[in-house]
Amino acid sequence: MRIAGGRLKGRRIPVVREQVRPTTERVREALMSILGPQWTARKVLDAYAGSGAFGFEAISRGASAVQFVEKNGRTADQIMQTAEVFDVANQVRIYRGNTLVALKQLALQQEVYDVLFFDPPYESVEWSTLIALCIPLLDRDGLVVLEHSPTENVPETAEGLVLSDARRYGSSAISVYGHVKRAEESQ
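Residues numbered from 1 in each chain as written. Predicted model: local features only at pLDDT ≥ 70, side-chain atom pairs only at ≥ 80, totals over all residues. Heavy atoms only, no water.

Mapped onto the fold, Glu 147 is located in strand E5 (residues 138-148). The buried category is assigned to Glu 147, whose relative accessible area is 1%. Polar contacts involving the side chain of Glu 147 include one to the side chain of Ser 172, which spans 3.2 Å. (Helix = DSSP H or I, 4+ residues; strand = E, 2+ residues; numbered from the N terminus. Buried < 20%, exposed > 50% of the residue type's maximum accessible area, 1.4 Å probe, protein only. Polar contact = N/O pair within 3.5 Å; in protein donor to acceptor, adjacent residues only side chain to side chain.)

This part covers the sheet that holds E5. Read from one edge to the other, the open sheet built from 8 strands follows the order E3-E2-E1-E4-E5-E8-E7-E6, with strand pairing classed as mixed. Two strands close off the open sheet at either side, each with one partner strand: strand E3 (92-96) and strand E6 (157-158). Bridge analysis of strand E7 (residues 161-169) against strand E8 (residues 172-179) gives 8 bridges, and the strand direction is antiparallel. Across the sheet, Val 162 pairs through a bridge with Gly 178, a residue of E8. Relative to strand E1 (residues 43-47), helix H2 (residues 53-60) is tilted by about 165°, and along the sheet it contacts E1, strand E2 (65-70), E3 and strand E4 (113-118). Packed on one face of the sheet, helix H5 (residues 127-134) meets E4, E5, E6, E7 and E8 and runs near 155° to E5. (Pairing = 2+ DSSP bridges. Contact = heavy atoms within 4.5 Å. Axes fitted to C-alpha atoms, helices over the stretch in contact; angles between N-to-C directions.)

Right, let's talk about the environment of Ser 33 for a bit. Position of Ser 33 relative to the elements: it lies in helix H1 (residues 25-35). Each C-alpha atom, one on Ser 33 and one on Thr 129, is 27 Å from the other, the two residues being 96 residues apart in sequence.

Right under this line is the structure:
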């Protein structure tokens, strides 16, 4: 697995476990296109991080900081080792634990992100609950991105967010949510 673009393009991202289903290069490229070319100074949350592919791709393209959330300790350690090898450890924080608990903790700390990316094990999450926890963490112009199975039903709207883009890439689907007001302005 390699970084698809930016200053770290071509760098290999190690994957610790076979159970990890990293976001493919094709999907990451498509997401970067959907989310736009301007990554400078963006703060990103990469939850259910696994290999950290999305977060490292964001840093490679100019994101200022990435908060990874990963439950598996060994996998979280590998993300930090990768950050050190890529010389981006100063841009990375890792929350080791359950994603829903992490979202609540980060909200209490008044953290705010431009992009919140979620790639949980398919068919394992109640999307409406997860999206509701994103609201206090999301910048006014921010986006919530879900990677999921194409057979999963994701809500059209949730807690003031509206589905603004949905695409399918083989066995993966991407759903992008923004604030209702932001979605109306873009139409």
